[in-house]
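Coordinate inspection notes
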Amino acid sequence: MNQTGCPEVKVPFPVFFTVGIVSLAENLLVVVAVMRSRNLHSPMYCFMCSLAAFNTIASVTKTWENLMIVLADAGHLERRGPPETDLDDVMDSLLCMSFVGSISSFLAIAVDRYITIFHALRYHNIMTMQRTAAILGLIWTSCAVLAVLMVKFFNFQFIVICFIVFFVVSLAAICFLYVYMFMMARIHAKSIAALPGGGRDKSQHQRRWGSNMRGALTLTILFGAFVVCWAPFFVHLVIITVCPMNPYCECYRSLFELHVVLMMSHALIDPAIYAFRMAELRHTFRKMLFCSGWKFCL
């Protein structure tokens, strides 16, 4: 019971464990599918594979952390021993890396979709696999460095402010790209409809444009799920910085474990969206799960 009278909401460990294990299995399935299927060796699916890998890190980190808490409550671990403190720092770094990496992957996906739609003829010259690999290497390296710095210097308010600014700026950039894409898509659809005749070229152009926009809509849904699942956890960081001792803020912080479950659920939701919205991934999942000797079926 905190000073506001708001009881801290506790989530049973089996809930954490179940969400963590299921999301881990789902995201590993996505990673393996993209790695093993040649049809999925494209920049967009590579960025989605990166997103799934960051989700996997988040699932493993929070599941392991909650397992350590259970062991500590049972008296098998010290809560403040040097090894436990160091391991806690490592897990915090991995969780922070997953958070920053997910945002960076969404930003890369948004830019990739923008190039696909508005620079379709030059797409394969702009987004080569070599450049994709370089972008992924930059994302993973920078996220690892940033995560370590954030955890080591989290007590410095400047670091927390930088983290908040990064989230807000990235969120605004991604939203701007998607809003701009859908606004231009509406204008482009009207221009296609105004073209004279109903020739083959017109119908092919409509199908290609429609396919690109469906992909952009799927990624918009993924990004919306990310914001909904991670925003409450992110608000805790803002509260720690802005009003750490305010009783109303304390009341919000009493829901911390629920927000952690919601954050972990993001890794559970993403693969379901992939399977429901993307035919290529759904087809690959079906072969992996139901085709005997699936590596030959791919």
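The preceding data block contains the structure.
These numbers come from a predicted model, not from an experiment. (Residues numbered from 1 in each chain as written. Predicted model: local features only at pLDDT ≥ 70, side-chain atom pairs only at ≥ 80, totals over all residues. Heavy atoms only, no water.)

On inspection of all chains with the given rule, the structure shows 13 aromatic pairs. Among the aromatic residues, those joined into a ring-pair cluster are Phe99, Phe106, Phe167, Phe223, Phe226, Trp230, Phe233, Phe234 and Phe256. (Phe/Tyr/Trp six-rings, centres within 6.5 Å; stacked < 30°, edge-to-face > 60°.)

A few words on the packing of helix 2 (residues 43-73) against helix 9 (residues 256-277). The geometry of helix 2 relative to helix 9 is characterised by a closest axis approach of 10 Å and an angle of 145 degrees between their N-to-C directions. The two elements helix 2 and helix 9 meet at a crossing, and its hand is left-handed. Contacts from Met48, Leu51, Asn55, Ser59, Lys62 and Thr63 in helix 2 reach Val260, Met263, Met264, His266, Ala267, Asp270 and Tyr274 in helix 9. When grouped by side-chain class, the residues that make up the contact of helix 2 with helix 9 number seven nonpolar, four polar and two charged. (Axes fitted to C-alpha atoms, helices over the stretch in contact; angles between N-to-C directions. Helix = DSSP H or I, 4+ residues; strand = E, 2+ residues; numbered from the N terminus. Left-handed = near helix turned anticlockwise from the far one by under 90°. Contact = heavy atoms within 4.5 Å. Nonpolar A, V, L, I, M, F, W, Y, C, P; charged D, E, K, R; others polar.)

Of note, valine 227 is situated in helix 7 (residues 200-242). Overall, valine 227 belongs to the partly exposed group, its relative accessible area being 24%. Expressed as a C-alpha distance, the spacing of valine 227 and leucine 171, which sit 56 residues apart in the sequence, is 8.6 Å. In this view, valine 227 contacts Leu171 and Pro232; residues no more than four positions away in its chain are not counted. (Buried < 20%, exposed > 50% of the residue type's maximum accessible area, 1.4 Å probe, protein only.)

Count 3.6 residues to each turn of an α-helix, and residues three or four apart come out pointing the same way. Helix length check: helix 1 (residues 13-36), at 24 residues, gives a terminal C-alpha distance of 34 Å against a target of 34 Å (1.5 Å per residue), a fit within 8%. Considered for burial, the residues of helix 1 that qualify are Phe16, Val19, Gly20, Ser23, Asn27, Val30, Val31, Ala33 and Val34. For helix 1, the elements touching its buried residues are helix 2, helix 9 and helix 10 (279-290). (Expected span 1.5 Å × (residues − 1).)

Tallying each qualifying case throughout the model produces four salt bridges. Here lysine 10 makes a salt bridge to glutamate 257, at a shortest N to O gap of 3.5 Å. Placement of lysine 10 in the segment before helix 1 and of glutamate 257 in helix 9 is noted, with a sequence separation of 247 residues between them. A residue is classified by how much of its surface remains accessible, and glutamate 257, at 17% relative accessible area, is buried. Between arginine 113 and aspartate 112 there is a salt bridge; the shortest N-O distance is 3.3 Å. Since its relative accessible area comes to 8%, arginine 113 is described here as buried. Residue class for aspartate 112 comes out buried when judged on its relative accessible area of 0%. Residues joined by salt bridges that share partners form a network here, namely Glu8, Lys10 and Glu257. (Salt bridge = Lys/Arg side-chain N within 4 Å of Asp/Glu carboxyl O.)

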